[in-house]
Amino acid sequence: MTQLTFAPPPPDTEATEKLRADVRAFVAVELAHMTPRQRASSWSGRDPAFSRKMAEKGWIGMTWPKKYGGHERSALERYVVLEEMLAAGAPVGAHWIADRQSAPSILRFGTEEQKQFFVPKIARGELFFCIGMSEPDSGSDLAATRTRATAVEGGFKVNGTKVWTSGAHVAHYMILFCRTDSKSDDRHGGVSQFIVDMKTPGLKISPIYDLSHEHHFNEVVFEDMFLPTSALLGNQGDGWKQVTGELAYERSGPDRFLSTFTLLIEGFAMLGDNVDDRAKIALGRIIAHLMTLRRMSRSIAGMLQRGEDPAVHAAIVKELGTSLEQEMVEVLRLIVDAEPDGKSDNPYVAVLAHTILHAPSFSLRGGTREILRGMIARGLGLR
Amino acid sequence: MSETTDLIRDMAEKLFGAACDRSVLSAAENGAFQTALWQEIADAGLAGALLPESAGGSSLAIEDALAALRISASHAAPVPLAETMLAGWLAGGSLALPEGPLTIAPASNGSTLSLKKNGAAWRLEGRAKRVPFARDATAIVVLAEADGKNMVARVDPKLAAIEQGRNLAMEPRDDVTFDCDLGGNDVAPAGEGVNAESLRAFGAAMRANQIAGSLSRTLDITLQYANERVQFGKPIGKFQAIQHNLAMLAAHSAAANAAADMAAEAAANGMSLLPIAAAKARCGEAASIGAGIAHQTHGAIGFTREHMLHYFTKRLWSWRDEFGKESDWALIIGRAAAKAGSKNIWSDIVTA
């Protein structure tokens, strides 16, 4: 049978539940000042001071080796911290990418020197990363990347443009995906990854405002930017293989179904005691979906812990999860009598406006719905 | 996963894979009870899965019993395995049960049953709607309250008036009217935790597992068809539009199976209500979406009696409504969540 099965997730333990209680106590204090509208930014909300407080608690780099500043805790313990932070609307955005995929990539492919330099600082919440993948002519088609690093004495000279780079304006480093060899016959060959200091001469960041007038993503232009050979991450030419390994981390977490959780809470808070059966059915259905997705996502945490490759499983979680996030907006709209207004003092009304204006991005960022469905089809042997 | 679980799964896969051929499915649709298949199931110890060994059962772990049930559904086994398992659980060793297929009542809403003590004997009156396989059962195990206590009663179907009905998959669903006297040995107090709510929940956990099994097979059949059927010079599975639909069928099948696992764990863990409710609601939704994609992919041939697909999709369309449809279980979850308050939605999801 061509079935994609999700093995039972690792069970909760005394340690995970103690940790959960610790996180809840922490966010109850640290997030007390945040409005629902601020919480609704979810993992797009950035607060470097909050990131450093999380790091002090040992909640960044939880699974990494202690010798690189990590805490050698289980994938499930890390999962508990992530989901509790997201459910509470914590502003985890500053360190999110570095914790989720940059440091794991450095630990996997980096030199000893790179591991020692970058990873402990990331674990301390001092270094934030962004991802340099998309380009004006290379979105879903990542292999069409044109930014090129040409070998020069002592390193590489980089020219090209990256776009939609979330958090480039607050990140200290970028993991840049670009072409290093023009003569590769293989469409997926001849590309490499570099760790780029965002202050490197020749690198220019310009904001791209989104449709809600917020500044999350950027254009990053490289003009004859020099990178030393030591900036190369992994082997030259292995960029495709390395980048696809990151994606399971990027696509399987609770960030793929809890982005709109604040909307759900505020919607039902606004209804108060006026929750009729229609609203209860809608709420119950969403919870049923969340419980199932959470089980699937935790199952993937177990797969990652065992060193398995859950790329297709992760695509399923992201596709089902982001569809639910988007659908939640439509469900709440029809239950709660209110019109969206970002300037409203009513928490739900403001959160609704924010969520409607951000929902289209959920099924774009981190791999579009169409790319994910294609990956699942490939997993089914149809391609 | 335990070694026992693996053994039971292998055994079930072999048994149902070999026995549930087309002629068996077709004969069952035409109304014939599949005695030979049932005998194999009984001989393998699956019929008595949830009956204590002291009562002649095989006393399997609930997860193992549901794993076997899921496999039976992946072959559309047209027999009351779920109902016989439920009957064993209801009787719990305090009622001696006859050999052969069993069923339970009530199996759906709208049933009215009254059990009253009548000297040393008992009197059972009332009507149970859409009782699965009542006409074929050697006994109906009835759950009813008497003087505020949950009691279980063993009833010979010959003592009841049976009005035959069927679900969309042509599985017997009979309305049963009771107006009969029962002996003292026919009635016993229900076991601990056995009540109308837990019976409905266990039934829902069973149907969730059956939906997961049937949907897995629906995916297999549909993938095979998409790889074989050629149009415009290539297999239709090579077209992106079809691939995306099949990806969603696979995603919902995976979700249904994960939800069914959740229900099995919850059933084993004191019949914990919310995970079972979530599982039945999620599986029901997956059944609707999955069956739709499967038929769309198959085109007209999948719409024929001749093709195998309908044995699975008609079960999906029936089982999603049995023991509570999506909205029934969503309402139970939503009520609990609304009662707990919006601030506790997350902690309830984690604790459930």
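Residues numbered from 1 in each chain as written. Chains lettered and ligands numbered in written order. Predicted model: local features only at pLDDT ≥ 70, side-chain atom pairs only at ≥ 80, totals over all residues.

**Let's talk about the overall build of chain B**
Inclusion rule: Secondary structure elements follow DSSP: runs of H or I of four or more residues count as helices, runs of E of two or more count as strands, with numbering from the N terminus. Only C-alpha atoms enter the radius of gyration, while the globule expectation follows 2.2 Å times N to the 0.38, with N the number of residues. Comment: burial labels come from other C-beta atoms within 10 Å of the residue's own C-beta, placed from the backbone, where a count of 20 or more is buried, 12 or fewer is exposed, and between is partly exposed. A pair of residues counts as a contact when their C-beta atoms, built from backbone coordinates, are within 7 Å of each other.
A tally of helices and strands in chain B yields eleven helices and ten strands. Relative to a compact globule of 352 residues, whose C-alpha radius of gyration would be 20 Å, chain B shows 21 Å and is just as compact. C-alpha atoms of chain B, sized along the principal axes, occupy 80 × 55 × 40 Å. Looking at chain B residue by residue over its 352 residues, the buried ones come to 55%. Taking contacts inside chain B between residues at least 6 apart in sequence as the whole, the part at least 24 apart equals 70%.

**Structural notes on the overall build of chain A**
Each helix and strand in chain A was counted, giving twelve helices and eight strands. Every one of the 383 residues in chain A was classed for burial, and the buried ones make up 52%. Of the contacts made within chain A by residues no fewer than 6 positions apart, 75% connect residues no fewer than 24 positions apart.

**Quick look at the packing of helix α9 (residues 277–305) of chain A against helix α10 (residues 311–335) of chain A**
Residues and elements named next belong to chain A. In plain terms, the rule: Lines fitted to the C-alpha atoms define the axes, with helices restricted to the stretch that makes contact. Angles between their N-to-C directions range from 0 to 180 degrees. Reported orientations rely on four angle classes, namely roughly parallel under 35 degrees, roughly antiparallel over 145, roughly perpendicular from 65 to 115, and oblique for the rest. Left-handed is the label given to a crossing in which the near helix is rotated counterclockwise from the far helix by less than a right angle, and right-handed is the label when the rotation is clockwise. Each residue is assigned to one class: nonpolar for Ala, Val, Leu, Ile, Met, Phe, Trp, Tyr, Cys and Pro, charged for Asp, Glu, Lys and Arg, and polar for all the others, Gly among them.
Between α9 and α10, whose axes approach to 10 Å, the crossing angle comes to 160°. When the axes of α9 and α10 are compared, the pair comes out roughly antiparallel. As for how α9 packs across α10, the hand of that crossing is left-handed. Counted together, Arg-278, Ala-279, Ala-282, Ile-286, His-289, Leu-293, Met-296, Ser-297, Ile-300 and Met-303 of α9 and His-313, Ala-314, Val-317, Leu-320, Gly-321, Leu-324, Met-328, Val-331 and Ile-335 of α10 form the full contact between these two elements. Its residues placed into classes, the contact of α9 with α10 shows 14 nonpolar, four polar and one charged.

**Some points on the sheet that holds strand β1 (residues 102–105) of chain B**
Within a sheet, each strand pairs with its neighbour through backbone hydrogen bonds, oriented either parallel or antiparallel. Residue and element names in this part refer to chain B. We apply this condition: We treat two strands as partners when DSSP finds at least two bridges between them.
The sheet built from four strands is open, its strands ordered β1-β4-β5-β8 with mixed pairing. The open sheet is flanked by β1 and β8 (187–189), the only strands paired with a single partner. For this sheet, the mean angle separating the axes of adjacent strands, direction not counted, is 25°. Its contacts with the sheet put helix α5 (residues 81–91) on β1, β4 (139–146) and β5 (149–155), and the angle it makes with β1 is roughly 65°.

**Some points on the interface of chain B and chain A**
At the junction of the two partners, chain B supplies 37 residues and chain A supplies 38 residues. Of all the elements in the fold, those that place two or more residues in the side of chain B that touches chain A are α6 (196–228), α7 (240–268), α8 (273–298), α10 (326–340) and α11 (345–351) of chain B. With 13 residues, the single largest contributor to the side of chain B that touches chain A is α7 of chain B. Classifying every residue of the side of chain B that touches chain A by side-chain character gives 24 nonpolar, eight polar and five charged.

**Considering the pairing of strand β7 (residues 173–182) of chain B**
Residue and element names in this part refer to chain B. Bridge analysis of strand β3 (residues 121–132) against β7 gives nine bridges, and the strand direction is antiparallel. Along β7, the bridge assignment pairs Gly-126 with Phe-178. Sheet analysis places strand β6 (residues 161–163) next to β7, joined by three bridges and oriented antiparallel. Considered in β7, the bridge of Glu-163 is made with Asp-175.

**Section: helix α11 (residues 347–362) of chain A**
All names here are of chain A. To keep things clear, this is the line we draw: Multiplying one less than the number of residues by 1.5 Å gives the expected span of a helix.
With 16 residues, α11 should cover 22 Å at 1.5 Å per step; its first-to-last C-alpha distance of 22 Å lies within 8% of that length. Looking at α11, one finds that the buried residues are Tyr-348, Val-349, Ala-350, Val-351, Leu-352, Ala-353, His-354, Thr-355, His-358 and Phe-362. On its buried side, α11 packs onto α2 (36–39), α8 (261–271) and α10.

**Quick notes on the sheet that holds β7 of chain B**
Residues and elements named next belong to chain B. The strand order β2-β3-β7-β6 describes an open sheet built from four strands, whose pairing is antiparallel. Looking along the sheet, the strands with just one partner apiece sit at the ends: β2 (112–118) and β6. Here the average twist between neighbouring strands, direction ignored, is 10°. As paired strands, β2 and β3 are joined by seven bridges and run antiparallel to one another. Bridged to Lys-117 within β3 is Trp-122.

**Some words on the nonpolar core**
Soluble globular proteins tend to pack their nonpolar side chains together in the buried interior. Residues and elements named next belong to chain B. Rules: A set of buried residues qualifies as a nonpolar core if it consists of Ala, Val, Leu, Ile, Met, Phe, Trp, Tyr and Cys joined through C-beta atoms within 7 Å.
By size, the foremost hydrophobic cluster in this structure holds 240 residues, and its most contacted members are Leu-90, Ile-140, Ala-153, Ala-205, Ala-259, Ala-263 and Ala-278. In terms of residue count, α7 provides more of this core than any other element does, 18 residues in total. Leaving out residues up to four positions away in the same chain, Ile-140 has contacts with Thr-103, Ile-104, Ala-105, Val-131, Ala-134, Val-155, Pro-157 and Val-176.

**Let's talk about the environment of Ala-68 of chain B**
Along the chain, Ala-68 of chain B turns up in helix α4 (residues 62–74). In this structure Ala-68 of chain B touches Ile-8, Ala-12, Leu-46 and Ala-49 of chain B, once residues within four positions along its chain are discounted.

**Here we look at helix α4 (residues 75–88) of chain A**
Residue and element names in this part refer to chain A. Taking 1.5 Å of rise per residue, 14 residues should cover 20 Å, and α4 covers 20 Å from first to last C-alpha, within 8% of that figure. Buried residues dominate α4, accounting for 13 of its 14 residues. Backbone geometry just after α4 places Gly-89 at a positive phi near 75°.

**Structural notes on the pairing of strand β2 (residues 148–152) of chain A**
As judged from the five bridges shared by β2 of chain A and strand β3 (residues 155–162) of chain A, these two strands associate in the antiparallel manner. Note on β3 of chain A: the bridge partner recorded for Val-152 of chain A is Gly-155 of chain A.

**Looking at the confidence of the model for chain B**
What counts, and what does not: Every residue gets a pLDDT, meaning the predictor's confidence in that residue, from 0 to 100.
Looking at chain B as a whole, the pLDDT averages 96, with 100% of positions reaching at least 70. The ipTM, which scores confidence in the relative placement of chains, is 0.97 for this predicted complex, and the corresponding pTM is 0.96.

**Considering the environment of Ala-279 of chain A**
All names here are of chain A. In this structure, Ala-279 sits in helix α9. With 20 C-beta atoms packed within 10 Å, Ala-279 lands in the buried category. C-alpha of Ala-279 to C-alpha of Leu-334: the two residues are 55 residues apart in sequence and 9.1 Å apart in space.

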